Amino acid sequence: MQPSRDIARLIEIMAALRTPGTGCPWDLEQDFASVAPYTIEEAYEVADAIARGDLLDLKDELGDLLLQVVFHARMAEEEGAFAFPDVVEAITSKLVRRHPHVFGNTRDLTPAEVKTLWHRIKLDEKAAKAAMRAEAGLPPKDEDRSVLSGVPFTLPALTRAWKLQTRASSVGFDWNDARLVLDKIKEEVAEVDEALASGDKAAMREEVGDLLFAVANLARHLDADPEGALSAANTKFERRFKGVEAALEAEGRTAKEASLDEMEALWRAVKKAEKAGG
């Protein structure tokens, strides 16, 4: 089977991989749950290629992510639920439905009006979907009952914290001053200190979780995406630590051969040089 620029060939290849007797043993033993972690991983790799500005890598990573969509669609087709064309139809229908200012008669809207229209259409879709579930004899989704529901559990924890806090804020459950959140962080730090003194591992874990949740809340109040902020801090730490390693390598040593005080001094030097450089 030859490679092709046609999506139909990719669908055929996936079908061949999942064909009992002649397909790939690994692909054949997969199910939705076992493939889901790979789907999440591929989405992160797409984001990583974008962050690095590597368009060559982005092409490959988008292909890997597309494979995940085709994989899930093939498994659904095998169960008689839906197939890849149904996935395409669902998203194209949604895009057309949510953009009447592009594909319909609603024209000349401001960005704010588009946002309001988008939310109204989503509410209409939610009501229609709830009616369809009821007609099919399915129970209502939890998101129909709580303002916090519908935030995926599979999101990174910091992002999910931010989204849960935003949902709660939408009904007035929020501080109106970032300094009050900072006070909460100080309170959580004190509780971590108490847990450390007790030696209770479970309490330590719980209190550290509360602290991280409060920090995510502060980031939200400062309009700083907590996941992005932590990612930037990770990059900064990595860059500076590699600077320490480079300085030690110039002396013919490794980090394992240096004392903590020596590495701390080099860290300060790297940090100072970064700030001096702008």
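Residues numbered from 1 in each chain as written. Predicted model: local features only at pLDDT ≥ 70, side-chain atom pairs only at ≥ 80, totals over all residues. Heavy atoms only, no water.

> What is the right way to read the environment of Thr 106 from this model?
Within the secondary structure, Thr 106 sits in the loop between α6 (100–103) and α7 (111–135). Residue class for Thr 106 comes out partly exposed when judged on its relative accessible area of 33%. When the C-alpha atoms of Thr 106 and Leu 180 are compared, they prove to be 43 Å apart, with 74 residues separating the residues in sequence. (Helix = DSSP H or I, 4+ residues; strand = E, 2+ residues; numbered from the N terminus. Buried < 20%, exposed > 50% of the residue type's maximum accessible area, 1.4 Å probe, protein only.)

> What exactly am I supposed to notice about the nonpolar core here?
Soluble globular proteins: nonpolar side chains tend toward being buried together. Counting residues in each nonpolar core, the largest one holds 7 residues, listed as Met 14, Val 35, Val 70, Phe 71, Ala 73, Met 75 and Phe 84. Residue contributions to this core peak at 4 residues, all from helix α4 (residues 55–78). Among residues more than four places away in sequence, those in contact with Phe 71 are Met 14, Arg 18, Trp 26, Asp 27, Gln 30 and Val 35. (Core = buried A, V, L, I, M, F, W, Y, C linked by side-chain atoms within 4.5 Å. Contact = heavy atoms within 4.5 Å.)

> How do you make sense of a nonpolar patch on the surface when you look at a structure like this?
Taken together, the side chains of Val 147, Leu 148, Val 171 and Phe 173 make up a nonpolar region of the molecular surface, amounting to roughly 400 Å² of accessible area. Positionally, Leu 148 belongs in the loop between α7 and α8 (157–169). We classify Leu 148 as partly exposed; its relative accessible area is 36%. (Patch = residues over 30% accessible without salt bridge, like charges linked within 9 Å, V, L, I, M, F, W, Y side chains within 5 Å. Areas by Shrake-Rupley, 256 points an atom, 1.4 Å probe, with all protein chains shown as cover. Salt bridge = Lys/Arg side-chain N within 4 Å of Asp/Glu carboxyl O.)

> What should I look at first to understand the pattern of salt bridges in this one?
Note that side chains of opposite charge can pair when their charged atoms are close. Applying the stated criterion to the full structure yields 19 salt bridges. Close ionic contact of Glu 125 with Arg 97 constitutes a salt bridge, the shortest N to O distance being 2.7 Å. Linking Glu 125 in helix α7 with Arg 97 in helix α5 (residues 84–98), this pair joins segments that are 28 residues apart in sequence. Exposure remark for Glu 125: the relative accessible area of 14% places this residue in the buried category. Taking the relative accessible area as the measure of exposure, Arg 97 reaches 40% and is therefore partly exposed. Salt bridges sharing common partners tie together Arg 18, Arg 74, Glu 77 and Glu 78.

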